[in-house]
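Notes for the structure review
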Amino acid sequence: MDKNIKVSMLLEMYGKLLTDKQVDVIDLYYNQNLSLGEIAEELNITRQGVRKSLVDGEKKLLDIEEKLGFMAQKQRREKIIDEIYQKTFDKNLRKKLLNLL
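A quick note: this is a predicted structure, and the numbers were derived from the prediction, not measured. (Residues numbered from 1 in each chain as written. Predicted model: local features only at pLDDT ≥ 70, side-chain atom pairs only at ≥ 80, totals over all residues. Heavy atoms only, no water.)

1. So, helix α5 (residues 70–88)
In a regular helix each residue adds 1.5 Å, so 19 residues correspond to 27 Å; α5 covers 27 Å between its end C-alpha atoms and thus fits that length. Every buried residue of α5 is listed here: Met-71, Ile-81 and Tyr-85. All buried residues of α5 project into a common sector of 85° when viewed along the axis, lining one side. Exposed and facing more than 90 degrees away from the buried side of α5 are Lys-79 and Lys-87. On its buried side, α5 packs onto α1 (3–14), α4 (47–68) and α6 (91–100). Phe-89 lies just past α5 and shows a positive phi near 55°. (Helix = DSSP H or I, 4+ residues; strand = E, 2+ residues; numbered from the N terminus. Expected span 1.5 Å × (residues − 1). Buried < 20%, exposed > 50% of the residue type's maximum accessible area, 1.4 Å probe, protein only. Arc of directions from axis to C-beta. Contact = heavy atoms within 4.5 Å.)

2. Things to note about the side chain of Glu-65
One can find Glu-65 in helix α4. Look at Glu-65: it is buried, it has no salt bridge, and the nearest opposite charge is Lys-6 at 7.0 Å. Looking at Glu-65, its side chain comes within polar contact range of the main-chain nitrogen of Met-71, at 3.0 Å. The contacts of Glu-65, once residues within four sequence positions are left out, are Leu-10, Tyr-14, Phe-70, Met-71 and Ala-72. (Lys, Arg positive; Asp, Glu negative; His and termini not counted. Salt bridge = Lys/Arg side-chain N within 4 Å of Asp/Glu carboxyl O. Polar contact = N/O pair within 3.5 Å; in protein donor to acceptor, adjacent residues only side chain to side chain.)

3. Points about the environment of Met-9
As for its placement among the helices and strands, Met-9 is situated in helix α1. Taking the relative accessible area as the measure of exposure, Met-9 reaches 28% and is therefore partly exposed. Taking the C-alpha atoms as reference points, Met-9 and Leu-61, separated by 52 residues in sequence, lie 9.8 Å from one another.

As structure tokens, then:
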């Protein structure tokens, strides 16, 4: 999986466990595609401060996922649902199963 997508998904899942600054920096960098300089200007902090928040936040998200594994479990369930769909081609069943997640 692409790192940008992975970090963005982890932020959605575990963002409440980060500092507000880490959430803002990661969101602006990965979801809004701003550069470190643009984020520094937006948040009125140094570029180095942005980089530190980004690196620390990414590390924390990856560490949490490694310990809890919720995203990996979700992806496994979605893969099973897709396999069921491929065998049955029942779109309603697929939607119902995805809604259970």
